[in-house]
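Examination of the molecular architecture
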Amino acid sequence: MNKITIIGGGNLGKSIISGLGNSDLFEAKHITVVDKSEHNLTEVKEKLGVSTSQHIIEAISDVKWVILCVQPRQLDAVLEEIKEELIADQILISTVTGTSIAEINEVVPKNKVIRVMPNTGASKKLSMTCISANEDVKEELVFVQKMFDTIGKTLIIEERLMQAATVLGASGIAFFLRFLRAMIQGGIQMGFHPHEAQIIAVQTAMGAATLVAKNGTHPEREIDKVTTPQGCTIEGLNEMEHQGLSSSVIKGVMASYEKINTIK
Ligand SMILES: NC(=O)c1ccc[n+]([C@@H]2O[C@H](COP(=O)([O-])OP(=O)(O)OC[C@H]3O[C@@H](n4cnc5c(N)ncnc54)[C@H](OP(=O)(O)O)[C@@H]3O)[C@@H](O)[C@H]2O)c1
């Protein structure tokens, strides 16, 4: 029976459940959400018609897939609670930042583990989800990729790149939004009301990303198309670079990467 239980119905859990609940991969009644909070459970039950429980052991007893969707500091307790109850052919899917497959397998050695790193775009079905697993996990990996295709785009990566994927994909949401905020601030200084500046900047950001995504071009190619010689765009671009735009973004990404490698 293709059943799945999601442990943790918080921000990310809800987005994943909404993708799976509206897909043909699982019947809604075969999706169970476990959370401590009655409020979270009522919300997912009412919106998506999935099953809910506050008892982990009961909820994982006859399912093939278990998604771990709790905070990193809560993972140890959850693994301790389920380790004696899991049977070998149950597959664990971990969304938890910073915990490796090997570390999870130290506690639950019999089970195959697949790591996934989505982002908050998941709530709008626009997640970028990076997925990795050990060599011996093949068929299951294909199915898990299908699961996360329901909430956006997916990419299978080597596990050694999972921290980098967290910075580029998950923290990346914040990085792009900070740039978006700066554009809005520039728009206000030029005379737009904040809500107008936001409409223009957001739509322009979506247009820019879509050009690259749909044309498959390098960003610089699309930049060339709007950069008239001696015009206002090149004037602005060069000033941004004189002020260190690309350099500060790369340094920020690398600072985030260095930090994530020290967090445990
Ligand atoms: N949000 C993102 O964009 C994102 C992206 C990639 C990866 N992640 C990873 O995904 C994981 C979940 O993130 P999130 O933002 O969804 O966290 P969250 O909103 O805090 O959700 C976790 C939920 O799990 C519940 N929970 C914790 N321990 C439990 C237990 N033993 N039994 C039942 N329920 C339990 C929590 O309840 P309480 O609050 O009552 O403890 C909470 O409702 C994290 O490890 C995070 O690193 C998140």
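Sequence positions are assigned chain by chain, starting from 1 and proceeding in written order. Totals for whole chains, interfaces and linings use all residues, but because this is a predicted model, local features are given only for residues with pLDDT of at least 70 and pairs of side-chain atoms are given and counted only at 80 or more. As a rule here, side-chain values come from all non-hydrogen atoms in the structure, and water together with hydrogens is ignored.

1. Some words on the site of the ligand
Definition of nearness: a residue and a molecule or strand are near each other if at least one heavy atom of the residue lies within 4 Å of the molecule or strand. Near the ligand you find 22 residues, and of these Leu-12, Asp-35, Val-70, Gln-74 and Thr-97 are the closest. Between Thr-97 and the ligand, the recorded distance is 2.5 Å, taken from a side-chain N or O atom to an oxygen atom. Note on areas: Shrake-Rupley, 1.4 Å probe, and residue coverage restricted to the protein chains presented here. In isolation the ligand exposes 890 Å². Once the protein is present, 80% of that is buried. Among the secondary structure elements, those contributing two or more residues to the shell around the ligand are α1 (11–21) and α4 (72–82). Counting of polar contacts relies on pairs of N or O atoms within 3.5 Å, with two restrictions inside protein: one atom must be capable of donating a hydrogen and the other of accepting it, and residues adjacent in sequence are counted only when both atoms are side-chain atoms. Segments assigned H or I by DSSP are reported as helices when at least four residues long, segments assigned E as strands when at least two residues long, and all are numbered from the N terminus.

2. Comments concerning the UniProt feature "transmembrane region" (unreviewed entry) in the protein
UniProt positions are given in the numbering used here, feature names are shortened, and annotations may be inferred rather than shown by experiment. According to UniProt, the "transmembrane region" (unreviewed entry) feature falls on residues 161–180. The distance separating the terminal C-alpha atoms of residues 161–180 is 27 Å; by composition the span is 95% helix and 0% strand.

3. Regarding the packing of aromatic side chains
Working definition: rings of Phe, Tyr and Trp (its six-membered ring) pair if their centres are within 6.5 Å, and the pair is stacked with planes under 30 degrees apart, edge-to-face with planes over 60 apart, and tilted otherwise. Counted by the stated rule, this structure contains two aromatic pairs. Taking the centre distance of 5.7 Å and the plane angle of 80° together, the rings of Phe-26 and Phe-143 count as edge-to-face. On the criterion of sequence distance, the pair formed by Phe-26 in the loop between α1 and β2 (31–34) and Phe-143 in helix α6 (residues 139–149) is long-range, its members being 117 residues apart. Accessible area is worked out with a 1.4 Å probe on protein chains only. A residue is then buried under 20% of its type maximum, exposed over 50%, and partly exposed in between. Exposure remark for Phe-26: the relative accessible area of 5% places this residue in the buried category. Between Trp-65 and Phe-143, the ring centres sit 5.1 Å apart and the planes meet at 25°, which makes this aromatic pair stacked. With Trp-65 in strand β4 (residues 65–68) and Phe-143 in helix α6, the pair connects residues that are 78 residues apart, well separated along the chain. Judged by relative accessible area, Trp-65 falls into the buried class, the value being 2%. By relative accessible area, Phe-143 is classed as buried at 17%. Connected via pairs of aromatic rings, a cluster forms that spans Phe-26, Trp-65 and Phe-143.

4. Section: the domain arrangement of the protein
Segmentation into domains, and thus their bounds, comes from an automatic or database assignment. According to the domain assignment, the protein consists of domain 1 (4–157) and domain 2 (165–260). Computed from C-alpha coordinates alone, the two centres of domain 1 and domain 2 are separated by 33 Å. Residue contacts follow a heavy-atom distance rule, with two residues in contact if any of their heavy atoms lie within 4.5 Å. Between domain 1 and domain 2, the contact holds eight residues from the first and six residues from the second. When two parts are brought into contact, each loses some accessible area as probed by a 1.4 Å sphere; the total of that loss over both is the buried area. Of the roughly 450 Å² buried between domain 1 and domain 2 on both sides combined, carbon and sulfur atoms contribute 77%.

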